[in-house]
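Notes for the structure review
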Amino acid sequence: MDDSGKQKLLLDGHKERHFTAGEIVRDIIIGVSDGLTVPFALAAGLSGANASSSIILTAGIAEVAAGAISMGLGGYLAAKSEADHYMRELKREQEEIITVPDIEAAEIGEILAQYGLEPSEYAPVVNALRRRPQAWLDFMMKFELGLEKPDPRRAVQSAFTIALAYVLGGLVPLIPYMLLARAAEALIASVVLTLVALLIFGYGKGRFTGNRPLRSALQTALIGALASAAAFAMAKAVQAIP
C-alpha cells in the first residue's frame, strides 16, 4: 500500500468530535438571551405600573412579535453584509493574483514562514499553488485575509434561527400572565419562571461556549434580574409623579 492509501485508511478510521455548529449556536444564544430579558423587563415594568394581566400579555405578545422581526432582520443583514464583504475581497484578491502574481506568491511564503517553514521547504508548496489558481485564491482568502467562504443560505438561516429563538425565549416570562388573572401573582410567577429559565440557559450557554457553566448561569440570571428590576422601579417612579 502506498503512502496515500495509508493516509486515507488512517483518516477513514478516525472520527473527529469537534463541535462545528458555532454560528447556529451563536444565533440561538442571541435570540433566546434577548427573548428572555426584554419581554421579562417589559412585563415587570407594566406590572409596576399596576397594569392588568390582559394588558401586560397583549403588550408582551406585541413586543415579542416586533422583537422577533427586528432581531431576525438584524441577523439577516449582518450575515448578508458578511457575505458581501467576502465577495468584495475575493474579487480584489483574484485581481491581485492576475496582475501581481510574484507579490502574491511571496505572500504565500511569508505566511508559511510564520509556521516555521524554511524557504526550501515552502517553495514546492508555493509553486504547486501557482499552478492551481483556484486553490491559490482559496489559500489567500483563508490564510492571508482570515475569511471563510460563507454559506449562501446563511442569511436566511440566521434570520429564522434568531427570530424563532427570540419567540421561544420571549414567551417564557409571559406564560404566568396567560394563566393568572391577578398581575401581582403573575409577576411573582414570571420572576421565578424566568430566572429558572435564565439559569438553565446560562448554564447551557457556558457549556457550549467553553466558559464556566455555573458562572455563565449566574451572570445571565443577574442581567435579566437587573433589567426587570430597573423597569419595575422606573414604572413605579413614573407612577409616583403627581
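Let me begin by describing the structure that accompanies this report. (Residues numbered from 1 in each chain as written. Predicted model: local features only at pLDDT ≥ 70, side-chain atom pairs only at ≥ 80, totals over all residues. Heavy atoms only, no water.)

1. As for the overall build of the protein
Helix and strand counts for the protein come out as ten helices and zero strands. What you see in the protein, going N to C, is helices and strands ordered as α-α-α-α-α-α-α-α-α-α. Buried positions account for 35% of the 242 residues belonging to the protein. In the protein, the proportion of contacts linking residues at least 24 apart, taken out of those at least 6 apart, comes to 72%. (Helix = DSSP H or I, 4+ residues; strand = E, 2+ residues; numbered from the N terminus. Buried < 20%, exposed > 50% of the residue type's maximum accessible area, 1.4 Å probe, protein only. Contact = heavy atoms within 4.5 Å.)

2. What to know about the pattern of salt bridges
Pairing is possible between side chains that carry opposite charge, provided their charged atoms lie close to one another. Scanning the model with the defined rule gives seven salt bridges in all. Its salt-bridge partner being Asp 84, residue Lys 80 comes within 3.3 Å of it at the nearest N-O pair. Of this pair, Lys 80 and Asp 84 both sit in helix α3 (residues 53-99), four residues apart, roughly one helical turn. For Arg 153, the salt bridge identified is with Asp 151, shortest N-O distance 3.4 Å. (Salt bridge = Lys/Arg side-chain N within 4 Å of Asp/Glu carboxyl O.)

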